[in-house]
Amino acid sequence: MSARTRELAILILVGLITVTGFASVYIARQNEISAGSLSYAGFFFALYLIAHLVGRLTVPDADPYLLPMAALLTGVGLTEIYRLNPTDALRQGLWVVIGVAGFAVTLIALRHDFRRLESYKYLFGLSALALLFLPALPKIGHSINGARLWVRVGPLQFQPGELGKIAMIVFLAAYLHSKQEVLALGRLKDFGPLLAIWGCAMLVLVATHDLGSALLFFGIFLAILYLATSRLLYVGVGTALFLVGSAGVYETTAHVRSRVIIWLHPWTTQAIPCPTRGGQLMQRQECESFQLVKSLYSIAQGGFTGTGLGKGTFSVPNGNTLIPDLKTDFIFSALAQELGLVGIAALLLVLMLFVVRGFRIALLVDDGFSKLVCAGLTFGFALQTFIIIGGILRLIPLTGITLPFISYGGSSVVANFILLAGLLLVSQRANEAR
Amino acid sequence: MNARIRLAALASLTMLVALIVASTYWQAWAAPDLANKSDNSIQQISEFTIDRGRIFAADGTTLAKNRIVHNSGRTYYFRRYPLGSLTAAAVGYATQTRSRAGLELSANDYLTGADQTLAGAIKQIGDRLLGTTIRGSDVYTSLNLEAQRIATQALGSNCGAAIAIEPSTGRVLALVTKPTYNPNDVEGHYDRILRINSPSCKGSSALLDRATQGLYPPGSAFKVVTAAAALDSGRFTPSSIFHDPGYCIEYGQKVNNYTNPDQLGPEAFGTLSLATGFQNSVNSVFCNIGKALLMPTLMNYARRFGFDQTPSIDLPSNALAISGLYKGTRLLSPREENQYGDPGRTAFGQSLLLVTPLQMAMVAATVANNGKEMQPHLVDRVRRSNGDIVRIKPQMLGQPIKPETAIELTQMMESVVSGGTGTAAAIPGVRVAGKTGTAENGIGQPNTTWFISFAPADAPRVAVAVVLQNQTGTGGTTAAPIAREIMQAILSSAPNSNS
């Protein structure tokens, strides 16, 4: 069986799973939604069939598991978003269409040799910087929950940082690939670029007030730096610099400080002054850590088996929601309640498999730039997943970045489809050479 | 470069494994703790999708049932209390906005079906997967509605409480507090409850269960505990002779009898026995016993009856108060007893003592039950949704006093009702044992009055404690008649067959 035929077979399986998901939401909530919901699954399957056909034409020998896994993750996300609010699911569906279009365009445009991107490395570097700082601009930049990660133009709202992340990975892979030998020498003057990028990460942190994005960008940078130079010392020094910088930002930025306090002590027994309610006395779980604590209750409510799709409790009987931002930042806690530990573990295993396949491609491909791009994209994917879910599970302070493929949000979906296209392109190169 | 890529892959996978571990922690390990957090509205709302078990009185009358509401594709079961305020103190409430109280809180595991056996738990997981509504277990209480009604009537507009216990089992037969509230108002008309104001007790909440949570000076009702200590320790007998000049000298000062409104007969009895002193509630006799026994012996006996501990009853612990010695609102530790305690005054129930009606009813029930103290409980049996019946077996808490001491105390308490301070509690044809209490709250201030009793004295079926705040009369004139009515109501109902 050829790679693409295998991909098609698995896609059909994923299609069946998605149909089952929508059907169970329909069964649980049939007095609210129509059987038309099932057409979502059909539409969804058709969309991935198109993606598959584009793949057949452009990357025939690429890894057959990545696209079905991405389809499964978007399917799970879309099902849950549909269950929370059918109108949002329609929009998310449109974004998936745009995402698949981006996927197709990337594959078609770069089908001959994606390595020519290497020569445009400074263009990528500059656009990465521009995209990262866009939300900091006065008119169009926009804060949600204290994190300035959004750009709003008319009715459109997106996180340019998502695309900036991919541009930065391409730039870093190209730049460090060309400077590999020089940097490996470890001369003091070569630390210049490292310090410059550390400065940029700190600037991003200050400008966006978001520890998560800064951690993500700097983590990706350190990973690619290590992969290119083989110097763990750089990772050590970089981590130390990042911690020093974060400590400084912690001291000066109330929003970051609040996130850390919420992380360490979400519950208080005493009523304390609530900064968002004009200093009114209340317990912290009713004030600053309301969202995190309610989300933990949602996760705990799922237990081993979960309540079942469509049967979770997210609103009070009069219809008001219990957890803010459920469909974006907290989609994981909604899924955790309805799918339970069994479902969540399965979901995390799919994410792990995706990461494993990504690194496998990086191992198989033979040139340095391809290795760095592929490993960088995959590591970024894993780190982003860790930062958002780790924040929800109280492993690290909570931040406002999205869960790849699953969260509601256009920029995230489009960026992740482009990332997927990148991985497939590298994989094609690795497999056709053999 | 491949070795480095493997290391990066290892780091990535470690992060994702950490997420699985953390999910396991929250969903398996910490889940029960989180479910019990008071601000866990998800748990609370999802519990309204459980067909909550009903609560019944001993005669099968429904005390709490469900009202079914369909909303956004789900079925919710909200509570109704057909008898309104009658059993509010015991049953409590289960609401969305104010959480839970009373048995609705303490028996929540039964009512939501969470008390299951392994087979039941597996069935419940199956129900959850299939989307079948979970049915809770029905709770049958020991409450005697006739006694409950009589007690509510008899307490009238007073500010006080009454509790009746079956001495041989600890079953709570009546639990009434006044003023009280209508549990149906908690969800939508909480302001009505806040406005309840009895003229006889200003500024105190109708939500306070005075029977289990109200702390009052016991006055002479505590003489039962003092007499128990005196007799059981072997230091005195009912015929021990005392000399009463109308006062007792403590710390070089006179502690006068005339300040005790509870006392019957002359101010100074001269020579009298312990039994006569008990019958007429003579303070100087008990002051001298206290001085002889000293604080440790006195309080050790009190502790045997359950003082200084959270009472063991199947009500929520946040609605239970500890009886003991208080300095302000702080319970004194046994080590502080000697420092602050005044044995002469403590012996007749004044000084730092504060007690709950529940504790005093347990004292009376223990004397009635030959010195064996049974655990008071409201839940008689539970009927699981599959029809299985779980009976709650009576538990013995301990034996604070010897059977002989209990017999002697019973005789002394009978003499109180037959010809002492408590004659208003006499029931024709029934031997009643009791003790009055009239605690002063300061000169010119109204009294807190008590009556604790049990009947029939030869084969006790009920022990009662009644407390009234802000009284001008004595325990014998105010509380004893109410205790009599409650005892009569219980004695006239058929003995419960399943006890």
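Caption draft 1: Spatial organisation of the overall build of chain B. Broken down by element type, chain B carries 19 helices and 22 strands. In terms of overall dimensions, chain B has C-alpha extents of about 105 × 60 × 45 Å along its principal axes. Burial status across chain B gives 52% buried among its 499 residues. Across chain B, the fraction of contacts at a sequence separation of at least 24, relative to all contacts at a separation of at least 6, is 71%.

Caption draft 2: Spotlight on the overall build of chain A. When its secondary structure is counted, chain A shows 14 helices and five strands. For 434 residues, the compact-globule estimate of 2.2 N^0.38 gives 22 Å, and the C-alpha radius of gyration of chain A, at 22 Å, lies within 12% of that figure. By residue count, 53% of the 434 residues in chain A fall in the buried class. For chain A, the proportion of contacts with a sequence separation of at least 24, taken over those separated by at least 6, is 73%.

Caption draft 3: Up close: unusual backbone geometry. Following Lys178(B), the chain continues into Pro179(B) via a peptide bond in cis, with omega recorded as -5 degrees. Structurally, the position occupied by Pro179(B) is in the loop between β8 (172–178) and α9 (185–188). The step from Ala455(B) to Pro456(B) runs through a cis peptide bond, and the omega angle for that step is -15 degrees. Structurally, Pro456(B) can be placed in the loop between β21 (447–455) and β22 (462–471). One non-glycine residue, Ser230(A), adopts positive backbone phi at about 65 degrees. Relative to the helices and strands, Ser230(A) is located in the loop between α8 (211–229) and α9 (232–252). Although it is not a glycine, Ser351(B) sits at a positive phi angle of roughly 60 degrees. Position of Ser351(B) among the secondary structure elements: in the loop between α16 (343–347) and β15 (353–354). Owing to 16 C-beta atoms within 10 Å, Ser351(B) belongs among the partly exposed residues under this scheme.

Caption draft 4: Just the interface of chain B and chain A, in detail. Facing 38 residues of chain B, the contacting portion of chain A comprises 52 residues. Taken together, the elements giving at least two residues each to the side of chain B that touches chain A come down to α1 (2–29), α2 (31–35), α3 (41–47) and α7 (118–130) of chain B. For the side of chain B that touches chain A, the element with the most residues is α1(B), which contributes 18 residues. A per-class count over the side of chain B that touches chain A returns 22 nonpolar, 13 polar and three charged.

Caption draft 5: Just the sheet that holds strand β20 (residues 433–439) of chain B, in detail. All names here are of chain B. Spatially, β8-β7-β22-β21-β20 is the arrangement adopted by the five strands of the open sheet, whose pairing is antiparallel. Each edge of the open sheet is held by one strand with a lone partner, namely β8 and β20. In this sheet, neighbouring strand axes are inclined to one another by 5 degrees on average, regardless of whether the strands run parallel or antiparallel. Pairing analysis gives six bridges linking strand β7 (residues 160–165) to β22, with the strands arranged antiparallel.

Caption draft 6: Highlighting the pairing of strand β17 (residues 379–383) of chain B. Residue and element names in this part refer to chain B. Relative to β17, strand β6 (residues 138–141) is paired through four bridges, and the arrangement is antiparallel. If you follow aspartate 138 over to β17, its bridge partner there is arginine 383. Note that β17 and strand β18 (residues 389–391) share three bridges and pair antiparallel. Residue pairing across strands places arginine 381 opposite arginine 391, the latter belonging to β18. Hairpin connection between β17 and β18: a loop of five residues separates the two successive antiparallel strands, and glycine 387 in this loop has a positive phi of roughly 95 degrees.

Caption draft 7: The domain arrangement of chain B, seen in detail. Residues and elements named next belong to chain B. Parsing chain B into structural domains produces domain 1 (45–130) and domain 2 (145–378 + 394–492). Relative placement of domain 1 and domain 2: their C-alpha centres are 35 Å apart. The partner domain 2 presents 22 residues to the 25 residues of domain 1 that form the contact. Listing elements by their share of the side of domain 1 that touches domain 2, those giving two or more residues are α4 (88–91) and α5 (103–106). Here the side of domain 1 that touches domain 2 takes four residues from α4, the largest share from any one element.

Caption draft 8: A look at helix α14 (residues 410–432) of chain A. With 23 residues, α14(A) extends 33 Å from end C-alpha to end C-alpha; this agrees with the ideal 33 Å at 1.5 Å per step. Most of α14(A) is tucked away, with 20 of its 23 residues classed as buried.

Caption draft 9: Spatial organisation of the nonpolar core. Counting residues in hydrophobic clusters, the biggest one holds 150 residues, and the most contacted among them are Ala173(A), Ile220(A), Ile224(A) and Leu420(A). By size, the runner-up hydrophobic cluster in this structure holds 127 residues, among which are Ala229(B), Met362(B), Val416(B) and Val417(B).

Caption draft 10: Highlighting the confidence of the model for chain B. Of all residues in chain B, 94% have pLDDT values of 70 or greater, and the mean over the chain is 89. Taken over the whole predicted complex, pTM reads 0.71, whereas the ipTM for its chain interfaces reads 0.93.

Caption draft 11: How the structure looks around the sheet that holds β6(B). Residues and elements named next belong to chain B. Taken in spatial order, the six strands make up an open sheet running β3-β2-β1-β6-β17-β18, and their pairing is mixed. The sheet terminates laterally at β3 (74–80) and β18, the two strands that pair on one side only. Inspection of the sheet shows strand β1 (residues 55–56) paired to β6 by two bridges, in the parallel sense. Each bridged residue has a counterpart across the sheet, and for isoleucine 55 the counterpart in β6 is valine 139.

Caption draft 12: Broad picture of the pairing of strand β2 (residues 62–71) of chain B. Residue and element names in this part refer to chain B. Relative to β2, β1 is paired through two bridges, and the arrangement is antiparallel. Across the sheet, isoleucine 55 pairs through a bridge with alanine 64, a residue of β2. The antiparallel pairing of β1 with β2 creates a hairpin that spans five residues between the two strands, and glycine 60 there sits at a positive phi of about 90 degrees. Two elements, β2 and β3, share seven bridges in a ladder whose sense is antiparallel. Its bridge partner lying in β3, asparagine 66 is registered against arginine 79.

Caption draft 13: Structural detail: the packing of helix α1 (residues 3–28) of chain A against helix α3 (residues 66–84) of chain A. All names here are of chain A. Contact geometry for α1 and α3: axes closest at 9 Å, N-to-C directions at 10 degrees. By the angle between their directions, the pair α1 and α3 is classed as roughly parallel. Every residue of α3 that contacts α1 at Glu7, Ile10, Leu11, Val14, Ile17, Thr18, Gly21, Phe22 and Val25 is listed here: Leu67, Pro68, Ala71, Leu72, Gly75, Val76, Thr79, Tyr82 and Arg83. The residue makeup of the contact of α1 with α3, split by class, is 12 nonpolar, four polar and two charged.

Caption draft 14: Local environment of the environment of Thr438(B). Residue and element names in this part refer to chain B. For threonine 438, the location among the structural elements is in strand β20. Each C-alpha atom of the pair threonine 438 and aspartate 185 lies 35 Å from the other, and the pair is 253 residues apart in sequence. Residues within four places of threonine 438 in sequence aside, it is in contact with Gly219, Ser220, Pro261, Asp262, Asn447, Thr449, Thr474 and Gly475.

Caption draft 15: Region of interest: the environment of Ala89(A). Residues and elements named next belong to chain A. Here alanine 89 shows up in helix α4 (residues 86–109). Since 23 C-beta atoms lie within 10 Å of it, alanine 89 is described here as buried. Those residues in contact with alanine 89 that lie beyond four places of it in its chain are Tyr40, Leu78, Ile81 and Tyr82.

Criteria and cut-off values
- Residues numbered from 1 in each chain as written.
- Chains lettered and ligands numbered in written order.
- Predicted model: local features only at pLDDT ≥ 70, side-chain atom pairs only at ≥ 80, totals over all residues.
- Helix = DSSP H or I, 4+ residues; strand = E, 2+ residues; numbered from the N terminus.
- Buried ≥ 20, exposed ≤ 12 C-beta atoms within 10 Å, placed from the backbone.
- Contact = placed C-beta atoms within 7 Å.
- Rg over C-alpha atoms; globule rule 2.2 N^0.38 Å.
- Nonpolar A, V, L, I, M, F, W, Y, C, P; charged D, E, K, R; others polar.
- Pairing = 2+ DSSP bridges.
- Axes fitted to C-alpha atoms, helices over the stretch in contact; angles between N-to-C directions.
- Domains from an automatic or database assignment.
- Expected span 1.5 Å × (residues − 1).
- Core = buried A, V, L, I, M, F, W, Y, C linked by C-beta atoms within 7 Å.
- pLDDT = per-residue confidence, 0-100.
- Parallel < 35°, antiparallel > 145°, perpendicular 65-115°, else oblique.

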